[in-house]
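Residues per chain are reported as follows:
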Amino acid sequence: MKKYFRQFTAFTFCFILYTSAVFAQTAPPQEKNKREAQLVELNTLDKTIKLDIRYATDNNFVGKTVYSEARAFLQKPAAEALLRVHKQLKKRGLGLVIFDGYRPWSVTKIFWEVTPEDKRKYVANPAKGSKHNRGCAVDLSIYDLKTGEPVPMPSGFDEFTERASPVYKGGTEQERANRDLLRKLMEKEGFIVNVNEWWHFDYKDWEKYAIYDVSFSDAAKGEEVKAIN
Ligand SMILES: [Zn+2]
């Protein structure tokens, strides 16, 4: 009996060591003195900001639904800057279509785990966390207000190819012009385009916010949003 107990204890100990090692590898580092989170739901600012939340469907690179609700949030200053971009587009009969905004940290972890190593430059390492986890990154495109259809772009959203680069020279002139218009308007409002993805923009103050893992419904309640660590 004693022998079994010893084996059991040894096994438990190894298991704890293993799980803590795994967690240590993937948990983001502790951060201090961050701004208080104030996540704003984007389509409440203007009803014509369209949502196409792919992660709430199986039409995404994971091939599975990872969000239980099709909602999009950003930290207040970023959300307000985005609204100004949308207003500029409206003057041209266009509007913003949002694929993703604030993303809970646990979802970033899922993305990392399902992505093959050679494609990992397209996803954030959960050990560092993503700017989406801070509520300061947005994935988006442009749509035509009259038809409701997205305008043509050089690549699809989450297409992990060279066509996704914001400086890709291929595609049609119209596709490149649409992509460059989005970038120009976003940059004017303090967003920075990702070097590998024309649809992904980081808000300039992302470092001032912590990493969060709260659900969309909790974020929507407007109560205190607690950082992951
Ligand atoms: Zn993104």
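Residues numbered from 1 in each chain as written. Predicted model: local features only at pLDDT ≥ 70, side-chain atom pairs only at ≥ 80, totals over all residues. Heavy atoms only, no water.

A. Examining the nonpolar core more closely. The biggest cluster of nonpolar side chains holds 56 residues, and the ones touching the most others in it are Leu-82, Ile-98, Val-138, Leu-140, Leu-182, Met-186 and Phe-191. With seven residues, the single largest contributor to this core is helix α2 (residues 76-90). Residues in contact with Leu-140, not counting those within four places in the same chain, are Leu-82, Leu-96, Val-97, Ile-98, Phe-99, Leu-182, Met-186, Trp-198, Trp-199 and Phe-201. (Core = buried A, V, L, I, M, F, W, Y, C linked by side-chain atoms within 4.5 Å. Buried < 20%, exposed > 50% of the residue type's maximum accessible area, 1.4 Å probe, protein only. Helix = DSSP H or I, 4+ residues; strand = E, 2+ residues; numbered from the N terminus. Contact = heavy atoms within 4.5 Å.)

B. Expanded view of the coordination of the zinc ion. Bound to the zinc ion on the protein side are His-132 (NE2), Asp-139 (OD), Asp-139 (OD) and His-200 (ND1), at distances that span 2.0 to 2.8 Å. Note that the zinc ion binds four donor atoms; their angles at the metal cover 52 to 152°, and the shape is irregular. Using a relative accessible area of 2% as the deciding quantity, one classes Asp-139 as buried. (Donors = N, O, S within 2.8 Å, 3.2 Å for Na, K, Ca; no water. Tetrahedral: all angles 85-135°; square planar, octahedral: opposite > 155°, others 65-115°.)

C. Layout of the environment of Arg-35. Examined against the element boundaries, Arg-35 turns out to sit in the loop between α1 (2-26) and β1 (39-41). Looking at Arg-35, the relative accessible area reads 35%, which means it is partly exposed. Sequence separation between Arg-35 and Trp-206 is 171 residues; the distance between their C-alpha atoms is 10.0 Å. Leaving out residues up to four positions away in the same chain, Arg-35 has contacts with Pro-77, Asp-205, Lys-208, Tyr-209 and Tyr-212. Among the polar contacts made by the side chain of Arg-35, one reaches the side chain of Tyr-209 at a distance of 3.1 Å. (Polar contact = N/O pair within 3.5 Å; in protein donor to acceptor, adjacent residues only side chain to side chain.)

D. Structural detail: the pattern of salt bridges. In this structure the tally under the stated criterion is 16 salt bridges. With a shortest N-O distance of 3.2 Å, Glu-69 and Arg-71 are connected by a salt bridge. Measuring nitrogen to oxygen at the nearest pair gives 3.1 Å for the salt bridge that ties Asp-180 to Arg-179. Residue Asp-180 is classed as partly exposed on the basis of its relative accessible area of 37%. You can call Arg-179 buried: its relative accessible area is 6%. (Salt bridge = Lys/Arg side-chain N within 4 Å of Asp/Glu carboxyl O.)

E. Representation of the environment of Ala-56. Among the structural elements, Ala-56 can be located in the loop between β2 (50-51) and β3 (73-75). With relative accessibility at 21%, the residue Ala-56 sits in the partly exposed group. Once the C-alpha coordinates of Ala-56 and Ser-68 are considered, the two residues, twelve residues apart in sequence, prove to be 6.0 Å apart. In this view, Ala-56 contacts Thr-65, Tyr-67, Glu-69 and Ala-70; residues no more than four positions away in its chain are not counted.

F. Region of the structure containing the confidence of the model for the protein chain. On average, residues of the protein chain score 88 in pLDDT, and 87% of them reach the 70 mark or higher. Contacts for the low-pLDDT stretch residues 13-24, under 50 throughout, to residues beyond four places or in other chains number zero contacts. (pLDDT = per-residue confidence, 0-100.)

G. Just the sheet that holds β2, in detail. If you walk across this open sheet you meet the five strands as β2-β4-β5-β7-β6, and the pairing is mixed. The sheet is open, and its two borders are formed by β2 and β6 (191-193), each paired with just one other strand. In this sheet, strand β4 (residues 94-100) lies alongside β2 in parallel orientation, the contact comprising two bridges. Paired with Leu-51 across the bridge in β4 is Ile-98. Relative to β4, α2 is tilted by about 145°, and along the sheet it contacts β4, β5 (137-144), β6 and β7 (200-203). Packed on one face of the sheet, helix α4 (residues 173-188) meets β4, β5, β6 and β7 and runs near 130° to β5. (Pairing = 2+ DSSP bridges. Axes fitted to C-alpha atoms, helices over the stretch in contact; angles between N-to-C directions.)

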